[in-house]
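Chain residues, written in single-letter form:
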Amino acid sequence: MEENAPSSPRERNNKDISVSEIFGIAATNITDRSLAIRHLLDETPVKFESCESLENIGLLFLLPFLIEAGLLTYRNHYEELSPGYYYIDFIIMQLAFMFLARIKNPESLKNVSPGEFGKLHGLDRVPEVRCFRSKLKQITSQNHAGDWNSELAKKWSGEEENEFYYIDGHVQVYNGSAATLGKKHIARQRLCLPGIQDFWVNNGSGLPYFYVTGQVNEKLMQMIKEEIIPQLIEDIHHKKLTPELFGDKDKPLFTIVFDREGYSPVFFETLWNEYRVAVLTYRKNVKDKWTETEFSEYTIETESETEKIMLAEKKTVLNGVELREIRKLSDDGHQTSIVTTNKKLRIEEAAVTMFNRWSQENYFRYMRREYNLDSITQYVIEQIDSEFVVSNPEYNNVTYKIKKIREKIGRHKARLLDLIDKNLKEPLEQTGKQMKHQLREREEISNLEQELDELLKLRSTIPSIIKIKDMSDLTRYTKLQTESKHFENTVKMICYRAETYCANLLSEIYKRHHNEKRDLIRSIIHSNGDLIVDDKNQTIRVCIYSLSTNRMNIALNELCEILNAGEYTHPATNYHLFYEIAK
């Protein structure tokens, strides 16, 4: 039975039932929908019709950029869905339009006009929520999200000829109770909560390439070595580690940039010796200061302007590993230390590349706010490989207790020192009273130290790591199925890139205001306009209504000229698209 058919024979036999109750509000293509119910429709005909004051018409301005970003490459991985009125082309296009319009989940489609949204696709209406989720389930059940994302990563990296990859973890908090997930530190909330941790790979502008998901509590260094580096080398750079690759002993294959979470000089050396991959990160535990006379002024180019910064460089040995250390001197005298194993990188380029790491943080913040990145859309529980080794929760609990007792001992010792100091300053008649207080503190310290010794002995009998199969049933880790999330995140990456491509083409008047460009893109998307279809000449004219300011309209007119020069066609009809501002 097709998605919008009556749900029971009783409803089908009721002669008083209306067409809208059978096929949904705004459904007008009754013939084809009736054929779809009987599985007799080979292909849903896409036919655009002229209409006035169409909502969200600006989505059609983003269509060429979606295609440029690779939305249609899903055809290399996904098969057609089961027969019905809505086919896979429409479902994926609708999902992209939905995200661009800031409709963050299928349930929110109830709040938009189905007929208006359908006209943007050349159909009478978009599917209802139940149907849309059913179609998405058919797509994700094919389990090709990872392959699709991998192909897109190759395409994007190849087009940009990138040599720097920014890596950072992002946690989605899990508030359910069905799965037993490991706890992760949520920096933005300063809490440790159960959740799913993804490790993202972006470029210096914040544009995403791909991400990998940890099973339990994998650390950044582990994921870099086991998951990210192999994919970057073999899948994206298409290179094997052969002797020819190491012709220039100082030239890296590429450089990865991350924060202090991945700091380990020994790890840096391993990446260089085994993979010829350089690292760039902040140095931990900097205690010395360089003299200000060692710093020189350098000119750097940022997105909006030219700046002058003070930099200095020295060779340093950390844990037996020789590294380049670069420091930036701030106006207040603070020195920011950067270390790298890339010997070819110029000092000012190293500083700019490291400080661009904030672009990845900005990407996470923007995607959380605009694209609901932290939503968990699938709650199917999966078992983890029984041989998978994890940190032992029991060992961690005892370690936590040891930490807290040591903190208490420290506080009591501090009080004892204060009492001793106070006793020396007060009159002799107060000595007896002070000695009682000191005795009480010493007894408390003795009891705590005894408890500490018992916990240390207990911890010595508990293994610090354990296999999943050896965990108790109550504490055994499980994981959430991530296929649906990975598929939707891939579409969100495409949408974000489409937005960025469009923003980069806007007028020079927005050159120094990156956020304003994105605000303008959102204004375009949510604007109304007219759709003028000429079947004879096979053209679709998209006439968007005027925006709120002349400055916006100047940029919008420039965008129309660029899109018209590209001579784009609609992928479902091959009609030529023309863009203009309605007069």
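Visitor: Residue-level account of the nonpolar core, with values.
Guide: F61, I224, I256 and F487 are the most contacted members of the largest nonpolar core, which totals 119 residues. Here this core gets eleven residues from one element, more than from any other, and that element is helix α5 (residues 88-100). Setting aside its immediate chain neighbours within four residues, F487 contacts Y78, I92, L95, L136, I139, T140, A145 and W148. Membership of the second largest hydrophobic core comes to 15 residues, among which are Y166, L280, I326 and L345.

Visitor: So what's going on with the pattern of salt bridges? Residues and values would help.
Guide: Applying the stated rule across the entire model yields 31 salt bridges. For D535, the salt bridge identified is with K47, shortest N-O distance 3.5 Å. Note that D535 is positioned in the loop between β16 (529-534) and β17 (539-544) and K47 in the loop between α3 (30-37) and β1 (51-54), a separation of 488 residues in sequence. E370 is paired through a salt bridge with R522; the nearest N and O atoms lie 3.9 Å apart.

Visitor: Explain the state of the cysteines to me, and be specific about the residues and the numbers.
Guide: One covalent bond between the sulfur atoms of two cysteine residues makes up a disulfide. For the coordinates displayed, the defined rule picks out zero disulfides. No disulfide involves C543; its nearest neighbouring cysteine sulfur is the one of C560, lying 9.1 Å away.

Visitor: Could you give an account of the environment of I420, with specific residues and numbers?
Guide: Summarising the element assignment, I420 is placed in helix α13 (residues 393-425). A residue is classified by how much of its surface remains accessible, and I420, at 29% relative accessible area, is partly exposed. As a C-alpha pair, I420 and H437 span 17 residues in sequence and 9.6 Å in three-dimensional space. The contacts of I420, once residues within four sequence positions are left out, are Q438 and R442.

Visitor: For the packing of helix α8 (residues 145-160) against helix α15 (residues 483-504), give the residues involved together with the corresponding values.
Guide: Where α8 meets α15, the axes come as close as 9 Å, and the angle between the chain directions of the two elements is 25°. One element, α8, and the other, α15, form an angle in the roughly parallel class. Judged by the sense of rotation from one axis to the other, the crossing of α8 with α15 is left-handed. Along the contact surface, α8 presents A145, G146, W148, N149, L152, W156, E159 and E160, while α15 presents E483, H486, F487, T490, V491, M493, I494, R497 and Y501.

Visitor: Got a sec to walk through α13? Specific residues and values, please.
Guide: Every α-helical turn comprises 3.6 residues, leaving residues that sit three or four positions apart pointing alike. Between the first and last C-alpha of α13 there are 49 Å, a value that for 33 residues agrees with the 48 Å anticipated at 1.5 Å per step. For α13, the N-terminal capping position is held by N392, with its side-chain oxygen 3.1 Å away from the main-chain nitrogen of E394.

Visitor: Help me get a handle on the packing of helix α12 (residues 358-371) against α15, residues and values and all.
Guide: Close contact between α12 and α15 brings their axes to 12 Å; oriented N to C, the two are set at 105°. It follows that α12 is roughly perpendicular to α15 by the angle criterion. On α15, the residues touching Y363, Y366, M367 and Y371 of α12 are K492, M493, C495, Y496 and E499. A breakdown of the residues in the contact of α12 with α15 according to their chemical character gives seven nonpolar, no polar and two charged.

Visitor: So what's going on with the side chain of N553? Residues and values would help.
Guide: Along the chain, N553 turns up in helix α17 (residues 550-566). From its side chain, N553 meets the backbone nitrogen of L547 in a polar contact 2.9 Å long.

Visitor: Summarise the environment of I544; cite the residues concerned and give the values.
Guide: By the element assignment, I544 lies in strand β17. Given the relative accessible area of 0%, I544 is considered buried. Apart from residues no more than four positions distant in its own chain, I544 is found in contact with I57, G58, F61, I524, S527, N528, G529, L556, E580, I581 and A582.

Thresholds applied
- Residues numbered from 1 in each chain as written.
- Predicted model: local features only at pLDDT ≥ 70, side-chain atom pairs only at ≥ 80, totals over all residues.
- Heavy atoms only, no water.
- Core = buried A, V, L, I, M, F, W, Y, C linked by side-chain atoms within 4.5 Å.
- Buried < 20%, exposed > 50% of the residue type's maximum accessible area, 1.4 Å probe, protein only.
- Helix = DSSP H or I, 4+ residues; strand = E, 2+ residues; numbered from the N terminus.
- Contact = heavy atoms within 4.5 Å.
- Salt bridge = Lys/Arg side-chain N within 4 Å of Asp/Glu carboxyl O.
- Disulfide = S-S within 2.5 Å.
- Axes fitted to C-alpha atoms, helices over the stretch in contact; angles between N-to-C directions.
- Parallel < 35°, antiparallel > 145°, perpendicular 65-115°, else oblique.
- Left-handed = near helix turned anticlockwise from the far one by under 90°.
- Expected span 1.5 Å × (residues − 1).
- Polar contact = N/O pair within 3.5 Å; in protein donor to acceptor, adjacent residues only side chain to side chain.
- Nonpolar A, V, L, I, M, F, W, Y, C, P; charged D, E, K, R; others polar.

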